[in-house]
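One letter stands for each residue in the lines below.
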Amino acid sequence: MDKPTRRRFLEVLGAGSVAAATSSPLLNALAQGMPSTSTEFFLFIHAQGGWDITVSLDPRNARNDIVMPASTDSIDPSGLMYWTDGPVRDGLTSFSMVRPAGCNIPFGPAIGLMAESRRFERMCVINGIAMNTVSHPDGVAFSTTGRHLAGGRAAAPSVDTVLASVFGTRQLFPTVSVRFPSQFVGPGLDPKALPLRVDNIASVSRSLTRSDRYVDAATRTAVNTALATEAHEIAARSYFPAAYASLEQQLGALERIHSDARLSSLFSLPALRANPAYAQLFTPQRVGPMGPTPVTSPYTFESNNLYNAAFAVESFKLNLSRCVSFSTTSFDTHFANYEDHPQHQQELFNMLAGIIDALSAADHPTLAGRKLIDHTHIMVLSDFCRTPQINVAGGRDHYPNNSAVIISPKFRGNRVTGSSDPGQLLPNATRTFADGMRAITPADVLATFLSAFDIDPRRYMRDGDVMMDIRR
Amino acid sequence: MKTLQWTAISLCVSLSMACHEEPRANTEAGVADGGVVVDVPQPPPPDGGSAQPLETMPGHENLVQDTTPKRGPRMLAVESYLRSYMALFGGLAPLAVQTQIRSRSTSLFDSWNDYVAALGLPDYRFDIDRNTQMSALMLATLERTGIALCDAAVLRELDPAMPPAMASRTVFAFDLPAGSTPLTRDAFATRFDVLHRTFLGYPASLAPSTRVDRFYELYRTQSTRYEGAMATTAFRVRSNAGWASVCYGLVRHPEFQLY
Amino acid sequence: MTRRISRLATLAALTVMAAAPAVFAQRSLDEYRFFRSLSIDLQGRIPTRAELTAFEQPSFNAEAWIDARLPMGPAAERMRVVYMDRLRLALSTVVTVNPLGTILRRIPVTRANGTVEWVYFRRGQRREDPAIDGSMCFTPRELGVQYPTNGDVPATSACNTPRPITDAMLNERTVLVRPWWLYRDYRAATPSQRYDAATWQTLVPGYQPVDGLLTDQAGAPVMAVRVCREEAGVATTGRPFVRTVAVPPAETGCNRRLVGVPNTNTDAMALVAANQRPLCSTQTGFNLSTECGCGPGLERCLPGAAVNNLVAGNMLQGELRRPLGQDAPLESTGLNPSNGALLWWSEEATHFLDAIFRDDRDIRDLLRARDTVINGPLAHFYRHGQQQSCCTTNHLKFDYNQPVNLFDPTNVPSAILQHDVDRWTPVANRGPLASGLLTMPIFLSKYGTRRARAHILYQAFLCKEFIAPNVALMPSNEPNLARRTGCSGCHATLEPMSAFYTRVSESDWTYLPAANFPLDNARCRTATPMASMPSGCAPFYDPSFTTAARSWMRGIYDLTAAQPNANAGPAGLANYIVAQPEFAGCVVDNIAESLLGRELTSEDTPLRTQLTTTLRSSNFRPRAMVRQLILSDAYRRANNLSSTAWREGGAR
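Residues numbered from 1 in each chain as written. Chains lettered and ligands numbered in written order. Predicted model: local features only at pLDDT ≥ 70, side-chain atom pairs only at ≥ 80, totals over all residues. Heavy atoms only, no water.

### Digging into the overall build of chain C
Logical step 1: What chain C contains, in helices and strands, is 24 helices and 10 strands.
Logical step 2: Across the 652 residues of chain C, 59% fall into the buried class.
Logical step 3: By element, 53% of the accessible surface of chain C is carried by carbon and sulfur atoms, the whole surface being about 25,200 Å².
Logical step 4: Across chain C, 68 positive and 58 negative side-chain charges occur, with their mean positions spaced 2 Å apart. (Helix = DSSP H or I, 4+ residues; strand = E, 2+ residues; numbered from the N terminus. Buried < 20%, exposed > 50% of the residue type's maximum accessible area, 1.4 Å probe, protein only. Areas by Shrake-Rupley, 256 points an atom, 1.4 Å probe, with all protein chains shown as cover. Lys, Arg positive; Asp, Glu negative; His and termini not counted. Charge placed at Lys NZ, Arg CZ, Asp CG, Glu CD.)

See below:
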């Protein structure tokens, strides 16, 4: 057995590897049969609580069977950039569809700034996703892992964890999950890809703060060295060594974290807010014939998540994180709070537009002359959608249909795939999969996403077929 | 000989109370390599396939069979960590602990609300589940809170010119000889045993043979650094930084966080 | 014969050593680790040095040590956490609990002498003068200020020129009251036990009103508060108010009142005709009577230290959550009445669970028991707050004006006052409709829909999940999801379970009694339910199950099949759950997996069977099962040592 030494600790530190200093990432990758792509970044946004797609991605503005469109009676359209009075029926005024010039996607009025500056050209909208559930935990699990819960627990890893495991193990933070339902479950995942689950970005900075009043950094490093060696020795004597091996590796990561001066601004909300690169994100503007004008409706629901969005872009720019995931505030509007639901969705899409703009301006950290937007892949998903009917309390309940948005240079933009039936908003069987003609499922969406990066979905997913036609 | 990792390994990096790890086939070499799994082919059954006593098999005459149930470690629940923390502060309530630490230095500690989420406390209000898997952030937070606890304990029990009575000391329940020269290994060991029992719950004599030496080395080098003014410290007795280091190592030890 | 040497001391060895007068032998490492595990699991912390020293003595008896700790708080907390982690009974402050009838707001009023004084009022308070009916007792014209419905007057408002109110008008419209939040003896004729921060720490621990309630605009201690006269009413019932004078023309501009004048004559006249006087604690009383105020010492109402704010501002100093209990707060922050309600609701469930595990009660009581544990703020809620959800205009259409409560307010011990924040008192019987957690406001609010309530119970207490079959969902007109293709796989089970909550409103605790709400109501039948239901029906009767021949209550998916469940109510669901064969095993699984730190596998079948048998034979009192578990090999002998290390003694 190796004599525990600081030299060994630094070897572990340098390689960031669980196994041994001689197991290089390249050898790892060869052993796994995976190409070691490490120029791509991933952002996942969870529209928490179930979103009403009838006002955005799968719009309905006319009464049909059980479909009751949003109207001036059920929602407050005053803050919606794209609300234009539309069909009137039964005394209610609905909205006009939003169809920017050159856009192949019919949008609802909540689409916000994504309808402008041709940002829609990057959008691959997937409608008619069959959820087969209306339970929040189960819908979340199905959307993010491709499998329903089993015994109340996730049965597969979430997509961000998979990507971090394949591509992110050399980053300081392979995946950062801000209240996102990340899952580290199942075999074949690199332990370094364990999601860094945080409640909010700012709390990270407080956990990382250190005082030199009584001891200095050298002492703390010496302690971590000793602890890493202790963990290594315990692992060597353990029947289940993984926990201690993981501790050893994480102690190494901790040292890297402490030694990286860039982190103080990365996790600082004031620093992110003050960064001019994100001015547009925090204060969105519309570009018109007279030049840019501020969006009149300020952020109400997603103001805190703007920091998460800025953090994501910044961490990509610094090449510190491969995946960042966060959840929005809740869209679960069963009651009269549905009145503000479209406004809330508009904020989500405005934030998405701000992210796109920030990525478009940001240089890629390792590819000279390239912009991050060409190497960042975004997915927006939700638990499920909401009922086409408006309930007695003035809201919409859960419904087993869904939509998702992918913004990625590896996916064909400005298009919609999948659909739902006009009268009951249920998923249509729109294509033939290996198991026959059926509707799209979250597993298909995730499998397709993984396949775009040359990941064999079957390594991590039991279900799901690849929809090649939506990929470039 | 180091070998490549095999992805067939069903390793689950989990300290979860609810995650069951698949036990791996074990060999001496596999264990030492810390991650290699090699299937041990079973010897063919004797003629007729009938069972025979284990001890009649060559090489197994004196081999004790391990029939104990195996279980991966559990992570100390954040509530238990907090209660243990409070107990090490003499039973003070969390806010009182926070106040006491910050009275020494506001840079040592922020507030409990800043840390509990990172430590894995569930938040039922937002349906955030209990985090039962150790992460770098959790380690960082444990380092932050552990340093605060130890520094406060040193300041309270070792550093004063008139240290408190032994009965009231919750951490450093031992006296130090006059002078600030690092202790000998034996003198250190008896005092380390007190800390080992305090944090890890058993005598240092039952710990792996390398532990005392490793922590003595930590104590000795750090005491020397600060005593010799190679580093600055606000401790009145500069060499107490050595004891602080030992405390950091024990409050953050894998055997403290896992059980 | 090979000498098999067990390197692990057994529990028997520990007790044998205790009995033997022989020389003490050092404990083995595994014994220390077992003791540390016991301490963490049963005491909620690592063992102290003193406890280790006691453990090392020859006289130490592990079983006695365990038996002494199983009934204690930390062990109960350990069990409680198992269930709270599954049920997650807490709500974020996104949920607000601000019934108009219990929230006192305040605005500053300028007096003739130039001083400024807070005047408390309830938005929506009925007053005979139509100019101020439903609003603050001074008009915008009289105040010179037009207050928005929420928050303070904007700095840029043109309607902010305070006018002094004469003493005569002040005395006509307002009174001084010694309120409950300042006086312990607020019910006395002349209350004198005014709040004192020093002495009240002992008198009523945990009660700490915010500074804004203790001092006036000038910073002087408040001895009495000025409140609109109607709010000071102490009547317990109120005559329904029928307005007979015309509402004057609406003011304009800065003099315009921003809250509409209530028009409730129809409902009021119906009650008058029925000779009914609604209780002032109910929404009916608040909405319909000018005689219904906040009661003696304003006890029905909750103040806030803010200006006309929707959430009334902060009331008490406290915490938004208490993961370590009331004795170990992690924060000190201002609580407004809404945040306070959310905290206390959650704490009720916590204390209820603790009581069941601490006293080793039948674990089925979690679902079935009628008792609970409450503190002062909860007593206030159950006396006054809960009834503010009923009865609305829609309820009145079904002659429902006097709510039937899941927690009968008359069963709230009279000795508990609002100040008793940290004093928790058992209540033996909430009433005939109460049923464990199932009828607590935290459960009913957290799991607002009937199906959500049924679903979480299915998961947490039967350890089962609804997993939809891989069936395409086709458009269908079948309203009964228990029959509908693609849905029936789950809903055939879920609908009957949900039906037990037919008579409990969703996201609410309002009970809908059979006498007022028949499961099939002839009044609500219509051939065109989707177009419109008869007045007042839609909130209670489902258009999807309404035709010219029937109109079923929401929650009824099939009248014949659901009727028994609807009539049995939440207690019926509790009985259903505990009667399922999976119930006992699920209890075992939940607790065993938590204590063992892993899922139970097929290898644990004998253990699981043993534990389940013990649980059943002890009448579902879990302590015996827990004791058996922690004394089992699976717990005490489990280790993470490789066999090589184990053979070497586990350490070196």
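Alright, that's what it looks like, and here's the rest.
### Examining the domain arrangement of chain C
Residue and element names in this part refer to chain C.
Logical step 1: Taken domain by domain, chain C consists of domain 1 (7-69), domain 2 (102-264 + 292-309), domain 3 (449-580) and domain 4 (582-648).
Logical step 2: With 14 residues of domain 1 in contact, the opposing surface of domain 4 contributes 11 residues.
Logical step 3: For the pair domain 1 and domain 4, the summed buried area comes to about 1,100 Å², and 59% of that belongs to carbon and sulfur atoms.
Logical step 4: For the pair domain 1 and domain 4, the number of links is 2 salt bridges.
Logical step 5: When the shortest N-O distance is used, the salt bridge between R627 and E63 registers 2.7 Å.
Logical step 6: Summed over the shared surface of domain 1 and domain 4, the number is 4 residue pairs in polar contact (both at pLDDT 80 or more). (Domains from an automatic or database assignment. Contact = heavy atoms within 4.5 Å. Buried area = accessible area lost by both parts, 1.4 Å probe. Salt bridge = Lys/Arg side-chain N within 4 Å of Asp/Glu carboxyl O. Polar contact = N/O pair within 3.5 Å; in protein donor to acceptor, adjacent residues only side chain to side chain.)

### Digging into the pattern of salt bridges
Logical step 1: This structure, assessed with the given rule, holds 82 salt bridges over all chains.
Logical step 2: For R119(A), the salt bridge is made with D357(A), and the minimal N-O distance between the two is 2.7 Å. Linking R119(A) in the loop between β3 (92-95) and β4 (123-126) with D357(A) in helix α12 (residues 341-361), this pair joins segments that are 238 residues apart in sequence.
Logical step 3: Close ionic contact of R185(B) with D213(B) constitutes a salt bridge, the shortest N to O distance being 2.9 Å. With a gap of 28 residues between them, R185(B) in helix α6 (residues 185-200) and D213(B) in helix α7 (residues 209-227) connect regions that are remote in the sequence.

### Here we look at helix α5 (residues 201-208) of chain A
All names here are of chain A.
Logical step 1: With 6 of 8 residues buried, α5 lies mostly within the body of the structure.
Logical step 2: Taken together, the buried positions of α5 are occupied by I201, A202, S203, V204, S207 and L208.
Logical step 3: Where α5 begins, one side-chain oxygen reaches toward the backbone nitrogen of A202, 3.1 Å away; that side chain belongs to N200.

### Quick notes on the state of the cysteines
Residue and element names in this part refer to chain C.
Logical step 1: Enumeration over the complete set of coordinates arrives at 8 disulfides over all chains.
Logical step 2: Each sulfur in the disulfide pair C280 and C292 lies 2.1 Å from the other. Residues C280 and C292 are joined through a disulfide that is left-handed, its torsion about the S-S bond being -75°. Of this pair, C280 sits in the loop between α10 (265-273) and α11 (283-288) while C292 sits in the loop between α11 and β5 (316-318), and the two are 12 residues apart along the sequence.
Logical step 3: When its relative accessible area of 1% is taken as the criterion, C280 is described as buried. (Disulfide = S-S within 2.5 Å.)

### Points about the side chain of E31(C)
Residues and elements named next belong to chain C.
Logical step 1: Tracing the sequence through the fold places E31 in helix α2 (residues 29-43).
Logical step 2: With no salt bridge to any partner, buried E31 finds its closest opposite charge in R27, at an N-O distance of 4.1 Å.
Logical step 3: Among the polar contacts listed, one links the side chain of E31 to the backbone nitrogen of S28, at a separation of 2.5 Å.

### Examining the packing of aromatic side chains
Logical step 1: Taken as a whole and judged by the stated rule, the model has 60 aromatic pairs over all chains.
Logical step 2: Measuring from centroid to centroid gives 5.4 Å for F188(B) and F192(B), while their planes differ by 20°, and the two rings are stacked. Residue F188(B) and its partner F192(B) are located together in helix α6, separated by 4 residues, close to a single helical turn.
Logical step 3: Ring centres of Y219(B) and W243(B) lie 4.8 Å apart, and the angle between their planes is 45°; on these two criteria the pair is classed as tilted. Remark: W243(B) occurs in helix α8 (residues 240-251) and Y219(B) occurs in helix α7; sequence separation between them is 24 residues. Accessibility assignment for this pair places Y219(B) and W243(B) in one class, buried.
Logical step 4: Through successive ring pairs, a cluster of aromatic residues spans Y81(B), Y85(B), F89(B), F109(B), W112(B), Y115(B), F199(B) and F256(B).
Logical step 5: In this arrangement the basic side chain of R430(C) is found over the ring face of F352(C), its NZ or CZ atom lying 6.0 Å from the centre. (Phe/Tyr/Trp six-rings, centres within 6.5 Å; stacked < 30°, edge-to-face > 60°. Lys NZ or Arg CZ within 6 Å of the ring centre and 35° of its normal.)

### Quick notes on the nonpolar core
Logical step 1: Among the nonpolar cores identified, the biggest contains 307 residues, and M123(A), Y85(B) and F199(B) are the most heavily contacted of them.
Logical step 2: The element contributing the most residues to this core is helix α5 (residues 136-157) of chain B, with 14 residues.
Logical step 3: When sequence neighbours within four positions are dropped, the list of residues in contact with F199(B) reads L88(B), L149(B), V171(B), C247(B), L250(B), V251(B), F256(B), R36(C) and I46(C).
Logical step 4: By size, the runner-up hydrophobic cluster in this structure holds 40 residues, among which are I126(A), F184(A), I406(A) and M467(A). (Core = buried A, V, L, I, M, F, W, Y, C linked by side-chain atoms within 4.5 Å.)

### Section: the interface of chain A and chain C
Logical step 1: On the chain C side, the residues contacting the 21 residues of chain A number 28 residues.
Logical step 2: At the junction of chain A and chain C, the tally comes to 0 salt bridges.
Logical step 3: Of the residues belonging to the side of chain A that touches chain C, the class tally is 9 nonpolar, 6 polar and 6 charged. (Nonpolar A, V, L, I, M, F, W, Y, C, P; charged D, E, K, R; others polar.)

### Remarks on the interface of chain B and chain C
Where the parts come together, the accessible area they lose is often given as the size of the interface.
Logical step 1: Opposite the 67 residues of chain B that make contact, chain C presents 65 residues.
Logical step 2: Here chain B and chain C share an interface that buries about 5,800 Å² over both sides, 52% of which is from carbon and sulfur atoms.
Logical step 3: Three residues stand out in chain B for area buried against chain C, namely R71(B), Y124(B) and R125(B), and they jointly supply 14% of the buried area on that side.
Logical step 4: Note that E56(C) and R197(B) form a salt bridge whose closest N and O atoms lie 2.4 Å from each other.
Logical step 5: In this structure, the connection of chain B to chain C is made through 28 residue pairs in polar contact (both at pLDDT 80 or more).
Logical step 6: Secondary-structure elements contributing two or more residues to the side of chain B that touches chain C are α1 (28-33), α2 (78-88), α3 (94-104), α4 (112-115), α6 and α9 (254-257) of chain B.
Logical step 7: The element contributing the most residues to the side of chain B that touches chain C is α2(B), with 6 residues.
Logical step 8: Looking at the side of chain B that touches chain C residue by residue, the class counts come to 33 nonpolar, 17 polar and 17 charged.

### A word on the packing of α5(B) against α8(B)
Residue and element names in this part refer to chain B.
Logical step 1: It is at 9 Å that the axes of α5 and α8 come closest, and there the two elements cross at 140°. In terms of orientation, α5 lies oblique with respect to α8. As for the relative orientation of α5 and α8, their crossing is right-handed in sense. For the pair α5 and α8, the contacting residues are G146, I147, L149, C150, D151 and V154 in the first and N240, A244, C247, Y248 and V251 in the second.
Logical step 2: Residues belonging to the contact of α5 with α8 are distributed by class as follows: 8 nonpolar, 2 polar and 1 charged. (Axes fitted to C-alpha atoms, helices over the stretch in contact; angles between N-to-C directions. Parallel < 35°, antiparallel > 145°, perpendicular 65-115°, else oblique. Left-handed = near helix turned anticlockwise from the far one by under 90°.)

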